[in-house]
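Here is how the chains run, residue by residue.
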Amino acid sequence: MSSYECINLTIDGDVATIQFNRPEKKNCMSPTLHNNVRNALVEVEKARVKVLVITGIKDAFCAGMDLEQCFFEPFDDPQRMAAINDDVFTWFQHLKKFPAVTIAKVNGWCFGGGMELAGICDIAIVADESTWGLSEVNFGIFPGGGTSWAYAHNIPSRKKALYYGLTGETFTGKQAEEIGYATKSVPLAQLDAETDRVVKMLSRLGRTVLRKTKEVYEKVKWMDFEAAVDYEMAKLWELSRETNDDWIRTALASFKRREFKPGTQSYKLTKDV
Ligand code: COA
């Protein structure tokens, strides 16, 4: 496993964790941090983990882009800005289609690009006490670089979404759950335990079914019903082939023997599928 200047990366069996580590700058994303995450995601994908947790050290999840190092300082050097943006958008897009399940564990300050990061992840488990905001309007721009996409896709109510986009007013992790941005919010003292519980639940499942569940959800969201049915059936048979029909030969064979109740339990994996 490589070591990085601005993040801590751990890979432990089926689970990887990337922890942003710029506490003195509230874990905002500098060019070096972007480059670190770009490379770490490639490393994590190669490790074939099932779950990737992204979090921040100390009192911040991520205070967004480093406004000095990513915007103010390189502004008059277009090539430098392009190089920074190449790292930024390569890893954002990689994360969006990442094969493992991605969990944002939001432990504290979460602004701008930090909200984009939480919005790109599949699941967000957040501290009640965390503070969120689309602060871009406060420095004269709209949420850019995918942040508008992220809040438009994670806050279902147009009235709520535009309210936060237009005013920059902060909200808590508890409110993030209420408006749909967070999967669930828990007291900060329980954040690690709750995240671990969800990670364990996911780790018990096969990597192929996790990956395809994500893929199918993302695609069918934009299809009409008829196309979705066809697509889902095609992907089901693809999954079946890729896992040597494990859902029939292991899972449903086990159910036939009444060894588990699929409503409340998952079948026991006997091979890495
Ligand atoms: N870019 C650059 N530097 C940042 C930063 C960012 N996004 N967020 C925090 N920092 C820096 C602060 O400028 C400060 O640096 P300094 O010690 O050199 O003065 C340091 O991190 C600590 O932050 P500070 O403001 O002293 O902490 P705080 O607890 O009083 O406030 C925040 C925390 C998050 C409310 C405040 O830092 C802030 O408003 N950050 C900007 C958030 C933002 O608008 N992000 C959107 C970017 S897309």
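Residues numbered from 1 in each chain as written. Predicted model: local features only at pLDDT ≥ 70, side-chain atom pairs only at ≥ 80, totals over all residues. Heavy atoms only, no water.

Caption draft 1: Focus on the layout of surface pockets. Within this model, the largest pocket holds a volume of roughly 580 Å³. What lines the largest pocket is a set of 24 residues, and nearest its centre among them are C121, D122, I123, Y217 and E218. Listed by contribution, the elements that provide at least two residues to the lining of the largest pocket are α4 (113–120), β7 (123–127), α5 (147–154) and α9 (207–220). Take the lining of the largest pocket: its biggest share by element is five residues, from α9. Residues of the lining of the largest pocket, tallied by class, amount to 13 nonpolar, six polar and five charged. Along its surface, the second largest pocket is lined by 22 residues, and V209, L239, W247, A251 and Y267 are the ones closest to its centre. Of all elements in the fold, only α9, α10 (225–242) and α11 (246–256) reach the threshold of two or more residues within the lining of the second largest pocket. Per-element tally for the lining of the second largest pocket: the top contributor is α9, with five residues. Broken down by class, the residue content of the lining of the second largest pocket amounts to twelve nonpolar, six polar and four charged. (1 Å grid on protein atoms, 1.4 Å probe; cavity = no way out; pocket = protein on both sides within 12 Å on 5 of 7 lines; lining within 4 Å. Points joined across faces, edges and corners; volume = space filled by probe spheres on them. Helix = DSSP H or I, 4+ residues; strand = E, 2+ residues; numbered from the N terminus. Nonpolar A, V, L, I, M, F, W, Y, C, P; charged D, E, K, R; others polar.)

Caption draft 2: Quick peek at the nonpolar core. The biggest cluster of nonpolar side chains holds 49 residues, and the ones touching the most others in it are I18, F20, L52, W91, L95, W132 and Y181. In contact with W91, other than residues within four places in its own chain, are F20, M29, H34, V37, R38, L41 and L117. With 14 residues, the next largest nonpolar core counts V15, V101, V186 and L191 among its residues. (Core = buried A, V, L, I, M, F, W, Y, C linked by side-chain atoms within 4.5 Å. Buried < 20%, exposed > 50% of the residue type's maximum accessible area, 1.4 Å probe, protein only. Contact = heavy atoms within 4.5 Å.)

Caption draft 3: Quick look at the pattern of salt bridges. What the rule picks out here adds up to 23 salt bridges. Here D66 ties to R22 by a salt bridge, and the two come within 3.0 Å at their closest N and O atoms. You can see D66 sitting in the loop between β4 (60–62) and α2 (67–72) and its partner R22 sitting in the loop between β2 (15–20) and α1 (31–46), a full 44 residues away along the chain. R22 matches D66 in its accessibility class, with the two residues each being buried. Between D128 and K174 there is a salt bridge, and its shortest N-O distance comes to 4.0 Å. Of the two residues, D128 is situated in the loop between β7 and β8 (131–133) and K174 in helix α7 (residues 173–178); the sequence distance between them amounts to 46 residues. (Salt bridge = Lys/Arg side-chain N within 4 Å of Asp/Glu carboxyl O.)

Caption draft 4: Representation of the packing of aromatic side chains in the model. Within the structure shown, the criterion is met by nine aromatic pairs. Ring plane angle 65° and centroid distance 5.5 Å describe the contact between W132 and Y181, whose orientation is recorded as edge-to-face. In this pair, W132 is assigned in strand β8 and Y181 in the loop between α7 and β10 (184–186), connecting sequence segments 49 residues apart. Across the pair, Y181 and W132 agree in class, each one buried. Through a chain of ring-to-ring contacts, three or more aromatic side chains come together here, namely W132, Y163, Y164, F171 and Y181. The positively charged end of R258 is found above the aromatic ring belonging to F255, 4.6 Å away from the centroid. (Phe/Tyr/Trp six-rings, centres within 6.5 Å; stacked < 30°, edge-to-face > 60°. Lys NZ or Arg CZ within 6 Å of the ring centre and 35° of its normal.)

Caption draft 5: Main features of the site of the ligand. As a structural note, the neighbourhood of the ligand is formed by 14 residues, with K25, A63, M65, L67 and S135 the closest of them. Contacts to the ligand include M65, whose backbone N or O atom sits 2.8 Å from a nitrogen atom. Isolated, the ligand exposes 860 Å² of accessible area, and the fraction of that covered by the protein chains is 59%. Split by residue class, the shell around the ligand holds seven nonpolar, three polar and four charged. (Near = heavy atom within 4 Å. Polar contact = N/O pair within 3.5 Å; in protein donor to acceptor, adjacent residues only side chain to side chain. Areas by Shrake-Rupley, 256 points an atom, 1.4 Å probe, with all protein chains shown as cover.)

Caption draft 6: Spotlight on the environment of V229. Along the chain, V229 falls in helix α10. A relative accessible area of 34% means that V229 is categorised as partly exposed. With eleven residues separating them along the chain, V229 and S240 place their C-alpha atoms 16 Å apart.

Caption draft 7: A look at the pairing of β2. In terms of strand pairing, strand β1 (residues 7–12) meets β2 through six bridges, oriented antiparallel. Paired with T10 across the two strands is T17, which belongs to β2. Count of turn residues in the β1/β2 antiparallel hairpin: two residues, of which G13 carries a positive phi of about 65°. Examined bridge by bridge, β2 and strand β3 (residues 51–56) share six bridges and lie parallel to one another. Each bridged residue has a counterpart across the sheet, and for T17 the counterpart in β3 is V53. In terms of handedness, the path from β2 via α1 over to β3 forms a crossover that is right-handed. (Pairing = 2+ DSSP bridges. Right-handed = clockwise from strand over helix to strand, strands pointing away.)

Caption draft 8: Representation of the sheet that holds β4 in the model. If you walk across this open sheet you meet the four strands as β4-β6-β8-β9, and the pairing is mixed. Sheet topology places β4 and β9 (171–172) at the edges, where each strand pairs with a single neighbour. Examined bridge by bridge, strand β6 (residues 109–111) and β8 share two bridges and lie parallel to one another. Looking across to β8, one finds that C110 is bridged to W132. Lying over the sheet, α4 contacts β4, β6, β8 and β9, oriented at roughly 90° with respect to β6. (Axes fitted to C-alpha atoms, helices over the stretch in contact; angles between N-to-C directions.)

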